[in-house]
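Spelled out, the chains give:
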Amino acid sequence: MTDTSFLAPDYRPPLRSPGAPHIAGTAVAFTDHEYSQDEVARALTEFTGPSFARFARTSGVEHRNLALPMDRYPELTGFTDANAAYLRVAAELGERAVRSALAAAHLEAADVDAIFTVSSTGVAVPTLDARISGRLGLRPDVKRVPIFGLGCVAGAAGLARAHDYLRGFPDHVAVLLSVELCSLTMQRQDTSIPALIGLCLFGDGAAAVAVVGDERRPATPHRAPRIVATRSTLFPDTVDVMGWNVGSNGFQLVMSRDVPRMAQEHLADAVDGFLADHGLGTQDISTWVCHPGGPKVLDAVGDALRLPHEALRHSRESMSAHGNLSSASVLDVLARTTAEPPPAGSLGVMLAMGPGFSFELLLLSW
């Protein structure tokens, strides 16, 4: 029998799952165009009216990085201009994020076998991965999997799909890239409540994660969490809860006031069922990597799962520093978590919600 007397009383061995991939490196990238929430509010109140300032004060956002200097936004005449800016900035940030994630994982671009790209704030054909592949030095035979339309849930969903791929190819390396430039979807003529809330909450940025299969162990000095299992949940008849109305002016935000209520009503059952399949309960989870959808959404998540306020600290800090980055936000929270890794043997849950209405859950083990 193995002697474990030297271990801390609360130590538990890592959850074993044959073939589980490792998260080997994470990175985020932002432009230099950083503004305080007060600066954004002053610039936008002239056409949104005083209601914007009220929403801004309760958003939980202190600063944001924007795709463009703030004085450039009035010059965007419509979707064509905004999407041209998206293509340029998204490629720049995406390249930086992937380079940094690979460096953190001690990997080269030529090591990458598959790249998953998620974004819902611009349209790119060829896709972003194709636009940056040569600049990064990815191999010509790299598998490209662009995913559009999952919105805020896409960061977690993209990581889950990378997990699925690496289960089948355990000696491969996969990269997930998320780029979201939410400010470029702003429509000056839209002063609806969802639009104003979106202007208060959303920011711009990119995030990347390097993931390695079980047969290709990470070379990083820090503890690399394994992705043990994933689960997707799609609720029927909820396509109008959140998303975009796409028109001649571009993307118009759809955001139902029912989102926090739906999270509070359905999340606990989804998480409990997911964990129960692995013989676990929420009491076994010490680390929560949660998409910061907004203050009310985070409160709803905390209430539904009966979490202490500290459990969502990284999510609230990400929201305060950068706003809601859509799909990139949960990856920023992941980067913050891996920078301060929990003790060996700890278990974590990554969760996000998005259009559909949908949840994405990942079980992590350190």
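Before going into details, it helps to say that this report is about the structure given with it. Being a predicted model, the structure only gives us computed values, none of them experimental.

1. A few points about the packing of aromatic side chains
Reasoning step 1: All told, the structure shown has seven aromatic pairs when counted by the stated rule.
Reasoning step 2: Chaining the aromatic ring pairs together yields one cluster made of Phe79, Trp244 and Phe251.
Reasoning step 3: The lysine or arginine in question, Lys143, covers the ring of Phe169, its NZ or CZ lying 5.7 Å from the ring centre.

2. Some words on the side chain of His291
Reasoning step 1: Looking at where His291 falls in the secondary structure, it is placed in the loop between strand S11 (287–290) and helix H8 (295–305).
Reasoning step 2: Residue His291 is classed as buried on the basis of its relative accessible area, which comes to 4%.
Reasoning step 3: What His291 contacts, discounting residues up to four positions off in sequence, is Cys152, Leu298, Asn324, Ser326, Ser329, Val330, Leu351 and Ala352.

3. Thoughts on the nonpolar core
Reasoning step 1: In terms of nonpolar packing, the biggest core is built from 46 residues, with Leu68, Leu102, Leu181 and Leu184 touching the most fellow members.
Reasoning step 2: The set of elements that each furnish at least two residues to this core consists of strand S1 (22–29), helix H1 (37–48), helix H3 (79–104), helix H4 (128–136), strand S6 (173–181), helix H6 (193–201) and strand S7 (204–212).
Reasoning step 3: Looking at which element gives the most residues to this core, the answer is H3, with eleven residues.
Reasoning step 4: The contact partners of Leu68, leaving out residues within four places of it in the chain, are His33, Tyr35, Tyr73, Leu76, Ala85, Arg88, Val89 and Leu184.

4. Section: the packing of helix H9 (residues 313–322) against helix H10 (residues 329–339)
Reasoning step 1: At a closest axis distance of 9 Å, the pairing of H9 and H10 adopts a crossing angle of 120 degrees. If you check the angle between H9 and H10, you find them oblique. The two elements H9 and H10 meet at a crossing, and its hand is right-handed. Touching His314, Ser315, Glu317, Ser318, Ala321 and His322 of H9 are Ser329, Asp332, Val333, Arg336 and Thr337, all from H10.
Reasoning step 2: Taken together, the residues that form the contact of H9 with H10 break down as two nonpolar, six polar and three charged.

5. Focus: the pairing of S1
Reasoning step 1: Within S1, seven of the eight residues are buried, leaving the element largely enclosed by the surrounding structure.
Reasoning step 2: The pairing of S1 with S7 spans seven bridges and is classified as antiparallel. Bridge assignment links Ile23 to a residue of S7, and that residue is Val211.

6. Digging into the environment of Asp237
Reasoning step 1: When you line up the elements, Asp237 lands in strand S8 (residues 226–238).
Reasoning step 2: Along the chain, Asp237 and Gly356 lie 119 residues apart, while their C-alpha atoms are 8.2 Å from each other.

7. Considerations on the pattern of salt bridges
Reasoning step 1: Summed over the entire model, instances satisfying the criterion amount to 19 salt bridges.
Reasoning step 2: Residue Asp111 is joined to Arg216 by a salt bridge in which the shortest nitrogen-to-oxygen separation is 3.3 Å. Of this pair, Asp111 sits in the loop between H3 and strand S4 (114–119) while Arg216 sits in the loop between S7 and S8, and the two are 105 residues apart along the sequence.
Reasoning step 3: Note that Asp299 is salt-bridged to Arg316, the shortest N-O span being 3.6 Å. Of the two residues, Asp299 is situated in helix H8 and Arg316 in helix H9; the sequence distance between them amounts to 17 residues.
Reasoning step 4: What makes Asp299 partly exposed here is its relative accessible area of 39%.
Reasoning step 5: A relative accessible area of 24% means that Arg316 is categorised as partly exposed.
Reasoning step 6: Salt bridges here are not isolated pairs; linked through shared partners, they connect Glu310, Arg313, Glu317 and Glu340.

8. Looking at the pairing of strand S12 (residues 347–354)
Reasoning step 1: Most of S12 sits inside the fold, with eight of its eight residues counted as buried.
Reasoning step 2: Of the two faces of S12, the one holding Leu347, Val349, Leu351 and Met353 and the one holding Gly348, Met350, Ala352 and Gly354 are both buried throughout.
Reasoning step 3: Bridging between S11 and S12 involves four bridges; their strand directions are parallel. Following the sheet pairing, Val289 is matched in S12 by Met350.
Reasoning step 4: Where S12 lies against strand S13 (residues 356–365), eight bridges are found, and the strand directions are antiparallel. Each bridged residue has a counterpart across the sheet, and for Leu351 the counterpart in S13 is Leu361.

9. Notes on the packing of helix H7 (residues 259–276) against H8
Reasoning step 1: Close contact between H7 and H8 brings their axes to 8 Å; oriented N to C, the two are set at 35 degrees. In the packing of H7 onto H8, the handedness of the crossing is right-handed. Along the contact surface, H7 presents Val259, Pro260, Ala263, Gln264, Leu267, Ala268 and Val271, while H8 presents Lys296, Val297, Ala300, Val301, Asp303, Ala304 and Leu305.
Reasoning step 2: Class assignment for the residues of the contact of H7 with H8 results in eleven nonpolar, one polar and two charged.

10. Digging into a negative patch on the surface
Reasoning step 1: A cluster of acidic side chains, namely Glu34, Asp38, Glu39 and Glu62, defines a negative patch on the protein surface.
Reasoning step 2: Looking at the element boundaries, Glu39 is found in helix H1.

11. A look at H4
Reasoning step 1: Those residues of H4 not exposed but buried are Leu128, Asp129, Ile132, Ser133 and Leu136. Relative to the axis of H4, the buried residues are bounded by an arc of 130 degrees and lie together on one face.
Reasoning step 2: Elements in contact with the buried residues of H4: H3, S4, strand S5 (143–148) and S6.
Reasoning step 3: Taken from the residues just after H4, Gly137 is the one with a positive phi, measuring 90 degrees.

Parameters and conventions
- Residues numbered from 1 in each chain as written.
- Predicted model: local features only at pLDDT ≥ 70, side-chain atom pairs only at ≥ 80, totals over all residues.
- Heavy atoms only, no water.
- Phe/Tyr/Trp six-rings, centres within 6.5 Å; stacked < 30°, edge-to-face > 60°.
- Lys NZ or Arg CZ within 6 Å of the ring centre and 35° of its normal.
- Helix = DSSP H or I, 4+ residues; strand = E, 2+ residues; numbered from the N terminus.
- Buried < 20%, exposed > 50% of the residue type's maximum accessible area, 1.4 Å probe, protein only.
- Contact = heavy atoms within 4.5 Å.
- Core = buried A, V, L, I, M, F, W, Y, C linked by side-chain atoms within 4.5 Å.
- Axes fitted to C-alpha atoms, helices over the stretch in contact; angles between N-to-C directions.
- Parallel < 35°, antiparallel > 145°, perpendicular 65-115°, else oblique.
- Left-handed = near helix turned anticlockwise from the far one by under 90°.
- Nonpolar A, V, L, I, M, F, W, Y, C, P; charged D, E, K, R; others polar.
- Pairing = 2+ DSSP bridges.
- Salt bridge = Lys/Arg side-chain N within 4 Å of Asp/Glu carboxyl O.
- Patch = residues over 30% accessible without salt bridge, like charges linked within 9 Å, V, L, I, M, F, W, Y side chains within 5 Å.
- Areas by Shrake-Rupley, 256 points an atom, 1.4 Å probe, with all protein chains shown as cover.
- Lys, Arg positive; Asp, Glu negative; His and termini not counted.
- Charge placed at Lys NZ, Arg CZ, Asp CG, Glu CD.
- Arc of directions from axis to C-beta.

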